[in-house]
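One-letter residues, chain by chain:
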Amino acid sequence: LCVPAVPVLFKQALQNTDTEEGKSISLRCELTKADATVVWKKGEATLQASAKYEMKQKGTVAELVIHNAEPEDA
């Protein structure tokens, strides 16, 4: 028996968020499937975990924390 894979969709998409320069900011989205693979991008560039970018995922919620935000992070 072959069962087709169910696509992962956004239950809650990213929201525009403002912060002050030098502060941290958290961006969150909620998915329809727990622990789905999430890739964070800025334009065409894939973001990697570092001192600046912190990626978290718990169940259906994926979060990107940007530390020491700068205008270039918009």
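For the structure itself, look to the data block above.
Residues numbered from 1 in each chain as written. Predicted model: local features only at pLDDT ≥ 70, side-chain atom pairs only at ≥ 80, totals over all residues. Heavy atoms only, no water.

> Hey, could you run me through the sheet that holds strand S1 (residues 10-12) in this one?
Think of a sheet as strands paired side by side through backbone hydrogen bonds, with each pair either parallel or antiparallel. Within the open sheet, the 4 strands sit side by side as S1-S2-S6-S5. Their pairing is antiparallel. Each having just a single partner strand, S1 and strand S5 (53-58) make up the two edges of the open sheet. Across the sheet, the mean angle separating the axes of adjacent strands is 30° when strand polarity is ignored. As judged from the 6 bridges shared by strand S2 (residues 25-31) and strand S6 (residues 61-66), these two strands associate in the antiparallel manner. (Pairing = 2+ DSSP bridges. Helix = DSSP H or I, 4+ residues; strand = E, 2+ residues; numbered from the N terminus. Axes fitted to C-alpha atoms, helices over the stretch in contact; angles between N-to-C directions.)

> I'm lost on the environment of Ser26 in this one. Help?
Summarising the element assignment, Ser26 is placed in strand S2. Contacts of Ser26, omitting those with residues within four sequence positions, involve Glu63, Leu64 and Val65. At 2.4 Å, the side chain of Ser26 and the side chain of Glu63 are in polar contact. (Contact = heavy atoms within 4.5 Å. Polar contact = N/O pair within 3.5 Å; in protein donor to acceptor, adjacent residues only side chain to side chain.)

> Quick question: what am I supposed to make of the side chain of Glu63 here?
Within the element layout of this structure, Glu63 appears in strand S6. The residues touching Glu63, leaving out its near neighbours within four places in the chain, are Ser26, Leu27, Arg28, Trp40, Glu54, Met55 and Lys56.

> How do you make sense of the nonpolar core when you look at a structure like this?
What tends to happen in soluble globular proteins is that the nonpolar side chains get buried as a cluster. Listed in full, the 9 residues of the largest apolar core are Ile25, Leu27, Cys29, Trp40, Leu47, Tyr53, Ala62, Leu64 and Ile66. Elements represented by at least two residues in this core include exactly S2 and S6. Ignoring anything within four residues of it in the chain, the contact list for Leu27 reads Leu14, Gln15, Thr17, Trp40, Ala62, Glu63, Leu64 and Ile66. (Core = buried A, V, L, I, M, F, W, Y, C linked by side-chain atoms within 4.5 Å. Buried < 20%, exposed > 50% of the residue type's maximum accessible area, 1.4 Å probe, protein only.)

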